[in-house]
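This is what each chain is made of:
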There are 2 protein chains.
Amino acid sequence: MPIPTWSDCAPLLVDVAMGRKAADSVLRRGKWVNVHSGEIIDGIDVAIVSGRIAYVGADASHTIGEKTEIIDVNGRYMVPGLCDAHMHVESGMVTVTEFCRAVIPHGTTSMFIDPHEIANVLGLEGVRLMHDEAVDMPINVQVQVPSCIPSAPGLENAGAEFGVPEVTEALTWPQSCGLGEMMNFPGVAMNDPKMLGEIGATQKAGKTVGGHFASPDLGLMFHGYVAGGPADDHEGTRKEDAIARVRQGMRSMLRLGSAWYDVAAQIKAITEDGLDPRHFVLCTDDSHSGTLVNDGHMNRVVRHAIAQGLKPITAIQMATINTAEHFGMERDIGSITPGRRADIIITSDLPSLPIELVIAQGKLLAKDGTLVADIPAASYPDFAKNTIKLGKPLQATDFDIKAPEGANEVTARVIGVIENQAPTKALEAALSVKDGLVQMDDEKDVCQIALVERHKATGGVVNGFVSGFGYNKPCAMASTVAHDCHHMIIVGTSKQDMALAANHLANVGGGITIFSEGKELATVELPIAGLMSDERAEIVAEKASNMVKAMQACGCDLNNAYMQHSLLALAVIPEIRISDMGIIDVTRFEKVDLFL
Amino acid sequence: MPIPTWSDCAPLLVDVAMGRKAADSVLRRGKWVNVHSGEIIDGIDVAIVSGRIAYVGADASHTIGEKTEIIDVNGRYMVPGLCDAHMHVESGMVTVTEFCRAVIPHGTTSMFIDPHEIANVLGLEGVRLMHDEAVDMPINVQVQVPSCIPSAPGLENAGAEFGVPEVTEALTWPQSCGLGEMMNFPGVAMNDPKMLGEIGATQKAGKTVGGHFASPDLGLMFHGYVAGGPADDHEGTRKEDAIARVRQGMRSMLRLGSAWYDVAAQIKAITEDGLDPRHFVLCTDDSHSGTLVNDGHMNRVVRHAIAQGLKPITAIQMATINTAEHFGMERDIGSITPGRRADIIITSDLPSLPIELVIAQGKLLAKDGTLVADIPAASYPDFAKNTIKLGKPLQATDFDIKAPEGANEVTARVIGVIENQAPTKALEAALSVKDGLVQMDDEKDVCQIALVERHKATGGVVNGFVSGFGYNKPCAMASTVAHDCHHMIIVGTSKQDMALAANHLANVGGGITIFSEGKELATVELPIAGLMSDERAEIVAEKASNMVKAMQACGCDLNNAYMQHSLLALAVIPEIRISDMGIIDVTRFEKVDLFL
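Each value, and the rule that gives it
- Residues numbered from 1 in each chain as written.
- Chains lettered and ligands numbered in written order.
- Predicted model: local features only at pLDDT ≥ 70, side-chain atom pairs only at ≥ 80, totals over all residues.
- Heavy atoms only, no water.
- Helix = DSSP H or I, 4+ residues; strand = E, 2+ residues; numbered from the N terminus.
- Rg over C-alpha atoms; globule rule 2.2 N^0.38 Å.
- Buried < 20%, exposed > 50% of the residue type's maximum accessible area, 1.4 Å probe, protein only.
- Contact = heavy atoms within 4.5 Å.
- Areas by Shrake-Rupley, 256 points an atom, 1.4 Å probe, with all protein chains shown as cover.
- Pairing = 2+ DSSP bridges.
- Axes fitted to C-alpha atoms, helices over the stretch in contact; angles between N-to-C directions.
- Buried area = accessible area lost by both parts, 1.4 Å probe.
- Salt bridge = Lys/Arg side-chain N within 4 Å of Asp/Glu carboxyl O.
- Polar contact = N/O pair within 3.5 Å; in protein donor to acceptor, adjacent residues only side chain to side chain.
- Nonpolar A, V, L, I, M, F, W, Y, C, P; charged D, E, K, R; others polar.
- Least-squares fit on C-alpha atoms with pLDDT ≥ 70 in both.
- Disulfide = S-S within 2.5 Å.
- Expected span 1.5 Å × (residues − 1).
- Parallel < 35°, antiparallel > 145°, perpendicular 65-115°, else oblique.
- Left-handed = near helix turned anticlockwise from the far one by under 90°.
- Phe/Tyr/Trp six-rings, centres within 6.5 Å; stacked < 30°, edge-to-face > 60°.

**Q** Tell me about the overall build of chain A, and name the residues and values.
**A** Helix and strand counts for chain A come out as 17 helices and 29 strands. For chain A, the C-alpha radius of gyration of 25 Å lies close to 25 Å, the compact-globule estimate for 596 residues. For chain A, the spread of C-alpha atoms along the three principal axes comes to 90 × 50 × 45 Å. Looking at chain A as a whole, 65% of its 596 residues are labelled buried. The long-range fraction of contacts in chain A, counting pairs at least 24 apart against all pairs at least 6 apart in sequence, stands at 69%. For chain A, the exposed surface amounts to about 19,400 Å²; the carbon and sulfur share of it is 50%.

Following this line, the structure appears as structure tokens:
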């Protein structure tokens with residue numbers, strides 16, 4: 001339940017500050033990490049009431065009553081709770097609740113989440129589910145309204161389609177903080193009225209327009225995009241990207257996710273070039289459950305930024321007050337000052353930032369890396385757990401690829417996976433034909449890929465070929481996480497296993513699974529929208545780890561093989577992808593034939 | 001007329017940025033003073049359309065069409081237009097329009113004005129008049145809704161009274177940016193529901209609460225005030241004041257007005273103590289017309305800040321982006337970046353900051369200190385020009401001060417003016433009685449003061465004694481500028497001259513005048529609410545200068561004697577004042593008898 005706003009509890013805050021009423025709790029004798037002044041001030045007390053800060057000063061004795069809980073900070077640092085400026089809960093494959101449970105012990109007390117995966121499956125209803133779950137969190141979770149649903153209009157059919165009306169409606173929800181990353185950057189630069197309409201609706205609502213300019217181009221298209229209105233960008237990778245964005249009046253969001261390492265290069269804009277850090281912000285974008293369980297969250301990003309040579313106070317500003325100001329929430333979060341939510345981390349060392357106590361909205365939530373507060377599990381309604389609609393059980397023959405009449409051999413387009421990269425290569429392969437069906441080729445590492453329509457039960461199956469996974473035995477891997485349309489993608493060397501894997505996912509409500517020679521090797525069940533588990537992050541991380549081992553056992557030795565799998569339908573990144581409409585050439589943005 | 005919002009003209013901005021449409025004007029080859037990154041970048045072009053910036057980069061050739069106006073900046077600096085974060089137009093004794101005409105050549109392109117003087121005279125209608133005048137300005141004039149009308153409730157009757165409903169209504173007006181300085185700091189600390197109600201209404205509207213903590217007390221009352229919600233303060237005078245405000249999450253506004261010199265001491269928080277300057281903001285608060293005409297406006301403040309040792313870019317940030325961010329207008333003003341209003345100063349030197357060209361909302365408004373654009377004079381309605389309501393012409397006998405029955409001598413309270421200070425001294429003087437009337441005493445420099453009710457034609461006259469002006473001949477000075485109630489104050493050594501001066505002001509609709517031995521020596525006519533002239537600032541400055549000379553001719557050699565006169569009814573500053581309710585002891589906040 002949200003705590004009262006500052007205006008709703010101002011009389012109480014004043015009374016506590018003046019000593020007329022007692023605080024709920026008082027932190028005593030801490031080092032105040034002051035992100036407004038850039039100072040660290042020793043010997044400070046903080047008085048808290050109704051989840052907000054009433055007093056910060058040298059002595060809060062006058063605010064202490066009989067029932068006031070006293071926490072002796074004993075000279076340790078009091079750091080504002082950390083904010084993740086842009087992220088997708090779905091990347092952790094857990095609910096908002098479980099994500100919060102996982103990150104609170106790492107010191108995260110504010111998250112700006114863009115639920116664009118669930119939006120592609122369940123539309124506005126799905127976004128609302130995550131929004132309403134966010135409202136109930138004991139930390140501040142703000143929702144960025146997804147902007148690009150589907151991601152590749154005209155080249156795919158997702159489970160929903162957003163335009164200005166959907167965005168406008170969602171912007172009225174209490175914890176909507178703005179528009180989620182505007183990924184259609186060519187659309188903005190080309191003046192697409194829907195994209196500019198969504199941006200304009202957000203500006204008119206006085207909220208923040210998230211950007212996503214995923215290109216090294218700093219020429220006209222970049223300038224056109226900036227003029228269109230996005231207020232931040234987390235897709236920069238080079239120092240010059242960060243500099244260009246800040247100079248143009250955008251916030252440069254520096255990203256350290258499970259698979260994104262964009263802080264080190266860009267932070268040199270500050271450490272080497274001396275840019276004012278005020279408009280730089282830290283974020284994670286995508287954190288897998290394993291990262292959350294084993295490595296951390298925003299604390300990992302702040303530590304990393306400090307390790308790159310940034311002053312600790314500056315790195316902390318980039319994860320607190322800078323973020324708060326960007327979202328117009330500077331009077332509510334981002335610093336330890338009167339009126340703000342009492343979101344405070346206690347740590348005994350700044351560079352290494354051990355997260356010893358985490359207080360959010362005045363409540364002690366975590367201690368020494370362990371959650372100490374009860375956060376009830378989320379309950380999602382049936383419609384959100386029944387999203388794998390195949391129309392019919394699949395059979396091996398659904399994956400037959402018929403050769404052109406009378407052909408003995410064909411030349412087929414093949415999606416070429418590139419190690420450690422999101423783009424694919426448009427390959428070609430000569431493949432033999434047997435009984436009228438095109439055959440896979442183990443030696444060329446060409447196996448089959450299928451995209452199975454799963455939102456509207458059309459029964460649609462699009463078949464094609466893929467190379468690069470290295471599967472060397474009869475097997476099939478299937479996933480209902482398939483950015484951004486989130487149909488089902490199956491990659492396999494055995495059509496029998498492909499059918500088994502697909503049907504198994506339909507039975508468990510979605511997820512990721514791998515079958516070999518008729519047997520289930522591993523499964524990560526993701527029953528919520530086929531994207532998220534309702535289990536703990538630790539359990540999901542363990543299952544995901546088992547999945548990696550099972551893929552390896554089938555011969556796949558790619559790094560992040562699962563991620564490569566889940567990106568094969570992402571029809572916005574070159575060169576070639578699969579969608580429910582067919583094989584897509586993403587250099588020309590058009591459908592192409594499977595055979596040349 | 002306001003220019004289109006960013007969202008309204010985004011398609012056009014994108015088209016210009018991409019070279020598909022022509023810019024209205026292009027600045028070529030300037031040094032970009034980049035307040036986001038803190039850099040100065042040479043060789044930059046700026047393309048402008050519809051009053052907003054479409055493109056900033058190395059080459060805007062692609063935005064130039066046949067009709068595009070080209071301004072060759074030729075290596076000079078391009079500085080964002082300067083913002084005055086808190087000020088009262090009425091202090092210049094001119095209209096909003098004439099204030100703008102005076103300050104535009106100084107490079108001011110945004111002003112956050114608090115019309116609390118006119119509010120005391122004409123209430124919400126008066127505030128609305130100034131708001132609507134502001135809307136028509138060619139620069140950005142935002143209105144802070146006056147919070148404390150009257151200033152001293154219970155001790156005076158002003159022309160209006162504001163509470164939560166008035167504030168709430170005014171906050172809905174298009175150019176209302178927040179609440180004007182919350183002067184009743186003891187009220188906030190004591191939990192006055194009206195004060196906290198006004199603050200809360202402003203917070204709920206998502207706007208900025210102006211502060212005013214006019215006390216050196218940094219103890220509990222200060223902490224209570226901060227907890228109540230004011231977001232800034234311009235009343236600090238010492239380094240420790242600035243530090244305390246910024247640490248507590250307020251913006252520290254450093255003020256350089258005509259009579260306020262609060263920058264030099266406080267800016268040491270940055271230059272000596274190394275505080276992060278991002279939450280420091282510059283303002284003027286009160287500028288007299290003479291200052292505007294002869295010395296400058298925000299350019300004077302920025303120059304002064306640089307002269308105190310601040311880096312020029314930091315001083316400029318404090319008058320541009322810092323201000324914009326404070327008011328949540330960072331996407332609209334405060335920097336030279338796409339989407340923002342094209343508010344740009346061209347100057348050939350940063351420390352000395354000569355204002356060579358001033359472009360606001362894309363239009364060239366001033367060149368080398370001279371306005372080059374036509375700004376039509378404002379026209380105020382009759383009700384705003386008919387505010388001196390005395391009830392009856394005054395006679396010398398209205399100023400008779402009767403002694404207690406049978407007394408030959410009395411001991412009277414005397415308001416003691418202190419040179420160069422706003423507080424007064426509560427003096428006492430033994431005065432003789434003649435024909436039953438208490439007499440003034442030239443030798444003791446005790447003359448009469450009268451407060452004449454002028455809002456409701458009650459005919460009320462409160463008489464008292466004042467010391468310190470030094471008038472040494474028969475004369476009287478009258479003013480309808482009498483902070484904050486703005487009744488008429490008359491100080492005189494001659495009751496005949498007092499009556500003449502009062503009646504003359506009633507005839508001209510208010511202002512300031514001085515009479516001696518039956519003759520008018522000087523007058524500044526201020527027909528709008530008795531506070532503002534409808535003439536040019538130059539003319540008002542000249543008349544004000546003549547007024548000073550006339551006062552000197554009557555023996556008054558105080559610095560800022562007129563200001564001392566106009567503060568004698570300010571029943572919130574100790575020790576003793578006059579109000580329409582009587583003589584007020586401002587140490588005990590109560591009415592006292594004239595005689596001891």
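**Q** Can you lay out the sheet that holds strand S29 (residues 590-592) of chain B for me, pointing to particular residues and giving the numbers?
**A** All names here are of chain B. The strand order S27-S28-S29 describes an open sheet built from three strands, whose pairing is antiparallel. At either end of the open sheet lies a strand with only one pairing partner, and these are strand S27 (576-579) and S29. Between one strand and the next, the sheet's axes are offset by a mean angle of 45°, whatever the strand orientation. Here three bridges tie strand S28 (residues 582-585) to S29, and the two strands are oriented antiparallel to one another. In the strand pairing of S29, Asp585 is matched with Glu590.

**Q** Pulling in residues and values, what's your account of the interface of chain A and chain B?
**A** Taken together, the contacts link 60 residues of chain A with 60 residues of chain B. Between chain A and chain B, roughly 4,800 Å² of surface is buried when both sides are summed, and carbon and sulfur atoms account for 50% of that area. Per-residue buried area on chain A facing chain B is highest for Ala227, Arg247 and Arg278 of chain A; these three make up 14% of the total on that side. Connecting chain A to chain B are ten salt bridges. A salt bridge links Arg251 of chain A to Glu330 of chain B; the shortest N-O distance between them is 2.8 Å. Linking chain A with chain B are 42 residue pairs in polar contact (both at pLDDT 80 or more), by the criterion used here. Counting residues per element, the side of chain A that touches chain B draws most heavily on helix H1 (residues 6-18) of chain A, at ten residues. Each residue belonging to the side of chain A that touches chain B can be placed in one class, and the counts come to 27 nonpolar, 20 polar and 13 charged.

**Q** Go over the pairing of S27 of chain B with me, naming the residues and quoting the values.
**A** Side chains on a regular strand alternate between the two faces of the sheet. Residue and element names in this part refer to chain B. Every second residue of S27 is oriented toward a common face, with Ile576 and Ile578 on one face and Arg577 and Ser579 on the other, all of them buried. Where S27 and S28 come together, four bridges link them in antiparallel fashion. Counted as the bridge partner of Ile578 is Ile583 from S28. Between S27 and S28, which follow one another and run antiparallel, lie two residues.

**Q** Let's hear about the relation of the copies chain A and chain B: which residues, and what values?
**A** Once chain A has been moved 0.0 Å along the axis and rotated by 180°, it coincides with chain B to within an RMSD of 0.1 Å. Viewed as a symmetry operation, the transformation between the two copies matches a two-fold axis. Relative to the rotation axis, the C-alpha of Gly328 of chain A is the closest in chain A, positioned 3.4 Å from it. Mapped onto chain B, 100% of the interface residues of chain A again fall at the interface, so both copies present the same surface.

**Q** With reference to specific residues and values, describe unusual backbone geometry.
**A** Apart from glycine, the bulk of residues carry a negative phi angle, and the bulk of peptide bonds sit in the trans form. For the peptide bond that leads from His483 of chain A to Asp484 of chain A, omega is -15°, which places it in the cis range. Relative to the helices and strands, Asp484 of chain A resides in the loop between strand S23 (476-479) and strand S24 (488-492). Omega for the peptide link from Ile149 of chain B to Pro150 of chain B comes to -5°, which places this bond in the cis form. Structurally, the position occupied by Pro150 of chain B is in the loop between strand S8 (140-145) and helix H4 (164-171). Although it is not a glycine, Met93 of chain A sits at a positive phi angle of roughly 55°. Inspection of the secondary structure assignment puts Met93 of chain A in the loop between strand S6 (82-87) and helix H2 (96-103). Of the residues examined, Met93 of chain A reaches a relative accessible area of 8% and is grouped as buried. In this model, Asn191 of chain A sits at a positive phi of 70°, which is unusual for a non-glycine residue. Along the polypeptide, Asn191 of chain A turns up in the loop between helix H5 (185-189) and helix H6 (193-204). Residue classification places Asn191 of chain A among the buried positions, given a relative accessible area of 16%.

**Q** I'd like a rundown of the state of the cysteines, residues and numbers included.
**A** Under the definition given, this model contains zero disulfides over all chains. Here Cys148 of chain A stays free of any disulfide, with the sulfur of Cys485 of chain A as its closest cysteine sulfur at 15 Å. Cys148 of chain A sits in the buried class, given a relative accessible area of 4%. Lacking any disulfide linkage, Cys556 of chain B is separated from the closest cysteine sulfur, that of Cys475 of chain B, by 8.8 Å.

**Q** So what's going on with helix H16 (residues 537-553) of chain B? Residues and values would help.
**A** Residues and elements named next belong to chain B. Counted at 1.5 Å a residue, the expected span for H16 with its 17 residues is 24 Å, and the 24 Å between its end C-alpha atoms agrees. Ala537, Val540, Ala541, Met547, Ala550 and Met551 are the residues of H16 that are buried. Where the residues of H16 are buried, they touch helix H2 (96-103), helix H11 (289-294), strand S23 (476-479), strand S25 (511-516), strand S26 (519-525) and helix H17 (561-566). A positive phi of about 105° marks Gly555, the residue just after H16.

**Q** Account for the side chain of Glu198 of chain A, naming residues and giving values.
**A** With respect to the element layout, Glu198 of chain A can be found in helix H6. Beyond its immediate stretch of four places on either side in the chain, Glu198 of chain A contacts Ser147, Phe162, Gly163, Val164, Val167, Leu179 and Met182 of chain A.

**Q** Before we move on, can you summarise the packing of H4 of chain B against helix H6 (residues 193-204) of chain B with the specific residues and values?
**A** Residues and elements named next belong to chain B. For the pair H4 and H6, the least separation of the axes is 9 Å and the interaxial angle reads 15°. Classified by the interaxial angle, the pair formed by H4 and H6 is roughly parallel. Two packed elements cross with a definite hand, and for H4 against H6 that hand is right-handed. Contact with H4, carried on its side by Val164, Val167, Thr168 and Leu171, involves Lys194, Gly197, Glu198, Ala201 and Thr202 of H6 and no other residues of that element. Its residues assigned to classes, the contact of H4 with H6 comprises four nonpolar, three polar and two charged.

**Q** So what's going on with the packing of aromatic side chains? Which residues, and what values?
**A** Applying the stated criterion across every chain, the model contains ten aromatic pairs over all chains. A ring pair is formed by Phe213 of chain A and Tyr225 of chain A, whose centres lie 5.3 Å apart and whose planes are at 45°; its orientation type is tilted. One end of the pair, Phe213 of chain A, is in the loop between strand S10 (208-211) and helix H7 (220-228); the other, Tyr225 of chain A, is in helix H7, with twelve residues separating them in the sequence. For the pair Phe112 of chain B and Phe327 of chain B, a centre-to-centre distance of 3.9 Å together with 5° between the ring planes defines the contact as stacked.

**Q** Can you lay out the sheet that holds strand S19 (residues 424-434) of chain B for me, pointing to particular residues and giving the numbers?
**A** Consider a sheet: its strands pair through backbone hydrogen bonds, and that pairing is either parallel or antiparallel. Residue and element names in this part refer to chain B. Strand order in the open sheet made by the nine strands is S20-S19-S18-S22-S21-S24-S23-S25-S26, with mixed pairing throughout. Looking at strand neighbours, the two that pair on one side only are strand S20 (437-438) and S26, the edges of this open sheet. Summarising the sheet, strand S18 (residues 409-417) and S19 pair through nine bridges and their orientation is antiparallel. Residue Val417 lies in a different strand from S19, and its bridge partner there is Thr424. Its contacts with the sheet put helix H15 (residues 495-508) on S20, strand S21 (446-452), S23, strand S24 (488-492), S25 and S26, and the angle it makes with S25 is roughly 145°. Strands in contact with H16 are S23, S25 and S26; relative to S26, the strand with the most contacts, it is inclined by about 145°.

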